[in-house]
Amino acid sequence: MIITYSRSDTLGQAIDPEAPALDLSPTETTCTASTYDVDGTHWMCTRAPHPGEDRHQATQALPGQSLPVVGLEWEYQYSLGEDTGGDVDESAPVHSITVTVSFPDRAIGVDVEKIRSAVPDLFWEGDADDVQVDLELIRLTAQR
């Protein structure tokens with residue numbers, strides 16, 4: 001994730017002229033993406049990215065303001081950082097990792113589905129949707 005805008009705490013109640021526009025998606029859809037900023041604050045996206053964009057925005061209400069303001073804007077790491085102009089974003093580079101786990105037949109309680117479901121937790125929340133996990137249980141016979 002790349003934070004493209006973060007409202008400064010020193011601004012107090014002032015509206016930042018550098019803040020991104022608070023414009024909703026043209027389709028009026030919302031987004032369920034979430035992220036954490038560098039100090040651990042949890043943000044939920046309140047605006048679905050526009051077609052051809054990867055930027056998410058989270059808004060916050062400020063006392064004395066009638067409308068919420070953008071508190072954080074972010075995009076995912078594989079984004080080019082610019083609008084592509086189309087409905088489809090550039091594809092992220094794909095890598096494959098092969099891990100072999102060997103265990104004897106006497107090992108009971110090996111839950112292959114639990115292993116499969118744990119892998120996406122190792123990735124950024126925006127990347128987990130694109131992670132594909134293929135597990136295959138192979139029975140090997142020990143050679144003596």
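Residues numbered from 1 in each chain as written. Predicted model: local features only at pLDDT ≥ 70, side-chain atom pairs only at ≥ 80, totals over all residues. Heavy atoms only, no water.

Chemist: Residues and numbers for the side chain of Arg-7, please.
Modeler: Take Arg-7: it is sitting in the loop between strand 1 (2-6) and strand 2 (34-36). Here Arg-7 occupies a buried position and makes no salt bridge, while the nearest side chain of opposite charge, Asp-16, is found at 4.9 Å. At 2.9 Å, the side chain of Arg-7 and the backbone oxygen of Val-70 are in polar contact. (Helix = DSSP H or I, 4+ residues; strand = E, 2+ residues; numbered from the N terminus. Buried < 20%, exposed > 50% of the residue type's maximum accessible area, 1.4 Å probe, protein only. Lys, Arg positive; Asp, Glu negative; His and termini not counted. Salt bridge = Lys/Arg side-chain N within 4 Å of Asp/Glu carboxyl O. Polar contact = N/O pair within 3.5 Å; in protein donor to acceptor, adjacent residues only side chain to side chain.)

Chemist: Pulling in residues and values, what's your account of the pairing of strand 5 (residues 69-75)?
Modeler: For strand 5, the tally of buried residues reaches 7 of 7 residues, placing the bulk of the element in the interior. Note: strand 1 against strand 5, 4 bridges, orientation antiparallel. Within strand 5, the position partnered with Ile-2 by the bridge is Glu-75. Taken together, the 5 bridges between strand 4 (residues 56-60) and strand 5 define a ladder with antiparallel strand orientation. (Pairing = 2+ DSSP bridges.)

Chemist: Tell me about the sheet that holds strand 4, and please be specific about residues and values.
Modeler: Here we have 3 strands laid out as an open sheet, ordered 1-5-4, and antiparallel in their pairing. A strand with exactly one partner marks an edge of an open sheet, and here the two such strands are strand 1 and strand 4. Geometrically, the sheet is characterised by an average inter-axis angle of 20° between neighbouring strands, direction not taken into account. (Axes fitted to C-alpha atoms, helices over the stretch in contact; angles between N-to-C directions.)

Chemist: Could you give me a rundown of the environment of Pro-49, with the residues and numbers involved?
Modeler: Considering the arrangement of structural elements, one finds Pro-49 in the loop between strand 3 (42-44) and strand 4. Overall, Pro-49 belongs to the partly exposed group, its relative accessible area being 24%. In the structure, Pro-49 is positioned 22 residues away from Thr-27 in sequence and 9.9 Å away in space, judged by C-alpha atoms. Apart from the residues lying within four places of it in its own chain, the contact partners of Pro-49 are Ser-25, Cys-31, Arg-55 and His-56. (Contact = heavy atoms within 4.5 Å.)

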